[in-house]
2 protein chains.
Amino acid sequence: MNAEASRRLDGLIARLRARGHRLTPQRVAILRELVSRTDHPCVEQLHAAILPSYPATSLATVYKTIHLLKEHGEVLELGFGELGSRYDGRHPEPHPHLICTRCGTIADPAAAGQEDAGTGFSDEVADTMAAEVAAEVAAFAAALSKRAGFAVSSHRFDLFGLCARCRAKG
Amino acid sequence: MNAEASRRLDGLIARLRARGHRLTPQRVAILRELVSRTDHPCVEQLHAAILPSYPATSLATVYKTIHLLKEHGEVLELGFGELGSRYDGRHPEPHPHLICTRCGTIADPAAAGQEDAGTGFSDEVADTMAAEVAAEVAAFAAALSKRAGFAVSSHRFDLFGLCARCRAKG
DNA sequence: CTAGATGCAAACACTTTGCACCCTG
DNA sequence: CAGGGTGCAAAGTGTTTGCATCTAG
């Protein structure tokens, strides 16, 4: 776990504690997993990752912890109808996602360059994209608000396609 | 059902027939419902809508028909983790959606002005937004493709917030 | 100590599937 | 009249919930 993730974990723990929540070993393990992974894991993956250290942990606990974090706005849930939900515990604010339709990888453009999760995005790309999208969505939301009365409070922007790796494989 | 919907229904029927599919009354009723509604109905709503005319229709048939249409790219499925899926049978290509978090209405900016489904969008807004988004997404996809090797083939852009109606109600 | 967290299993909602019967083309 | 479509019910998913037990603070 890098420095940034560590910092985020500390903040997360502090905020939960401040709200009167307890920090059981299982819960901390889930938090640690969430802040250190860039691959947007699903509940099953989180559960599997924690089992070696805490063999008795149940799936229900993972669900409950995720639910708690959602309530506090500490994770971004990416729900896909059939495929279940995936979670981003590093960047809870809305941002674009790159979803490879072949291998299922979900990449966070803004983070992919920092510690490559296997997606091949450079941080130049990451930063440019993050800024572009934020600006465009903001403009879009402003236009809607002014002209149609729709008050945008959040959004979701998913791009589906083939990641560099799968593309290379033919 | 207006002229545009009627035209789309004809085309839909022709394409299904051309692919060797049969057109049972239930199936036609589902198609008719899909092309004439602007409110992005869920499967249950479609089922409820055709029950008066075809009381024996089962939910499974609606699911199967929707699945068939998805395979042919004739409906756009908007899956929401918990809330199930909603369907757009008028515009199967990716386009933005405005989702009211209070009343659950899902509006299609590009269509809302034409026959107001209760969302208060003018067609000026609709056309502007549709064009803006198409251009922005295209630029975004091109940037990704060139710089990161991610080949975008489709996308999804959802805006969450309050529609004019709910906003007015306080 | 005691409220909050856990783990298990049962319950849930949405969707898919198997199969005998039906009806379009 | 043949093969796709239908309806029913059972089976699957992913997720939530109830409750007795346990434990962090």
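See the structure shown above.
Residues numbered from 1 in each chain as written. Chains lettered and ligands numbered in written order. Predicted model: local features only at pLDDT ≥ 70, side-chain atom pairs only at ≥ 80, totals over all residues. Heavy atoms only, no water.

Draft legend 1. Examining the packing of aromatic side chains more closely. What the rule picks out here adds up to 3 aromatic pairs over all chains. Ring geometry for F140(A) against F157(B): centres 5.5 Å apart, planes inclined by 35°, an arrangement best described as tilted. Residue F140(A) is located in helix 6 (residues 123-148), and its partner F157(B) is located in strand 5 (residues 151-162); the two belong to separate chains. Overall, F140(A) belongs to the buried group, its relative accessible area being 1%. Residues F157(A) and F157(B) carry aromatic rings whose centres are separated by 5.1 Å and whose planes lie at 45° to one another, so their mutual orientation is tilted. (Phe/Tyr/Trp six-rings, centres within 6.5 Å; stacked < 30°, edge-to-face > 60°. Helix = DSSP H or I, 4+ residues; strand = E, 2+ residues; numbered from the N terminus. Buried < 20%, exposed > 50% of the residue type's maximum accessible area, 1.4 Å probe, protein only.)

Draft legend 2. The protein's contact with DNA strand C, seen in detail. The environment of DNA strand C is made up of 18 residues, and the closest members are R22(A), T24(A), R27(A), T61(A) and Y63(B). Per the 4 Å cut-off to the protein, sugar and phosphate atoms form 62% of the nearby atoms of DNA strand C. Contact distances for DNA strand C include 3.0 Å between a phosphate oxygen and a backbone N or O atom of A56(A). The set of elements that each furnish at least two residues to the surface near DNA strand C consists of helix 2 (25-36) and helix 4 (59-71) of chain A together with helix 4 (59-71) of chain B. (Near = heavy atom within 4 Å. Polar contact = N/O pair within 3.5 Å; in protein donor to acceptor, adjacent residues only side chain to side chain.)

Draft legend 3. A look at the protein's contact with DNA strand D. Of all residues adjacent to DNA strand D, which total 19 residues, the nearest are Y63(A), R22(B), T24(B), R27(B) and T61(B). Residue T24(B) places a side-chain N or O atom 2.7 Å away from a phosphate oxygen belonging to DNA strand D. One of the side-chain nitrogen or oxygen atoms of K64(B) is found 2.8 Å away from a base oxygen of DNA strand D. Those elements that provide at least two residues to the surface near DNA strand D are helix 4 and strand 2 (84-88) of chain A together with helix 2 (25-36) and helix 4 of chain B. Classifying every residue of the surface near DNA strand D gives 5 nonpolar, 8 polar and 6 charged. (Nonpolar A, V, L, I, M, F, W, Y, C, P; charged D, E, K, R; others polar.)

Draft legend 4. Broad picture of the nonpolar core. Formed by 26 residues in total, the largest nonpolar core has its most connected members in L98(A), F140(A), F157(A), L98(B), F140(B) and F157(B). Elements with a contribution of two residues or more to this core: strand 3 (97-100), helix 6 and strand 5 (151-162) of chain A together with strand 3 (97-100), helix 6 (123-148) and strand 5 of chain B. (Core = buried A, V, L, I, M, F, W, Y, C linked by side-chain atoms within 4.5 Å.)

Draft legend 5. Structural view of the sheet that holds strand 3 of chain B. If you walk across this open sheet you meet the 6 strands as 4(A)-3(A)-5(A)-5(B)-3(B)-4(B), and the pairing is mixed. With partners counted over all chains shown, the strands left at the sheet margins are strand 4 (106-107) of chain A together with strand 4 (106-107) of chain B, one partner each. For strand 3 of chain B and strand 5 of chain B, the ladder comprises 4 bridges, and the chain directions are parallel. Within the sheet, the bridge partner assigned to C100(B) lies in strand 5 of chain B and is G161(B). (Pairing = 2+ DSSP bridges.)

Draft legend 6. Up close: the interface of chain A and chain B. Every contact between the two is made by 39 residues of chain A and, on the other side, 39 residues of chain B. Both sides together, the interface formed by chain A and chain B hides about 3500 Å², and carbon and sulfur atoms give 63% of it. On the chain A side of the contact with chain B, F140(A), R147(A) and F150(A) bury the most area, a combined 21% of that side's loss. On the surface where chain A and chain B come into contact, there are 0 salt bridges. Among the secondary structure elements, those contributing two or more residues to the side of chain A that touches chain B are strand 1 (76-80), strand 3, helix 6, strand 5 and helix 7 (164-168) of chain A. (Contact = heavy atoms within 4.5 Å. Buried area = accessible area lost by both parts, 1.4 Å probe. Salt bridge = Lys/Arg side-chain N within 4 Å of Asp/Glu carboxyl O.)

Draft legend 7. Focus on the side chain of H155(A). When you line up the elements, H155(A) lands in strand 5. Other than its neighbours up to four places away in sequence, H155(A) contacts P94(A), H95(A), V137(A), F157(B), D158(B), L159(B) and F160(B).

Draft legend 8. A look at the pairing of strand 2 of chain A. Residues and elements named next belong to chain A. Of all the 5 residues making up strand 2, 4 are buried; the element is thus mostly covered by neighbouring parts of the structure. Looking at chain direction, strand 1 and strand 2 are connected through 5 bridges and run antiparallel. Of the residues in strand 2, the one forming a bridge with E77 is Y87. Once strand 1 ends, the chain turns through 3 residues before running back antiparallel as strand 2.

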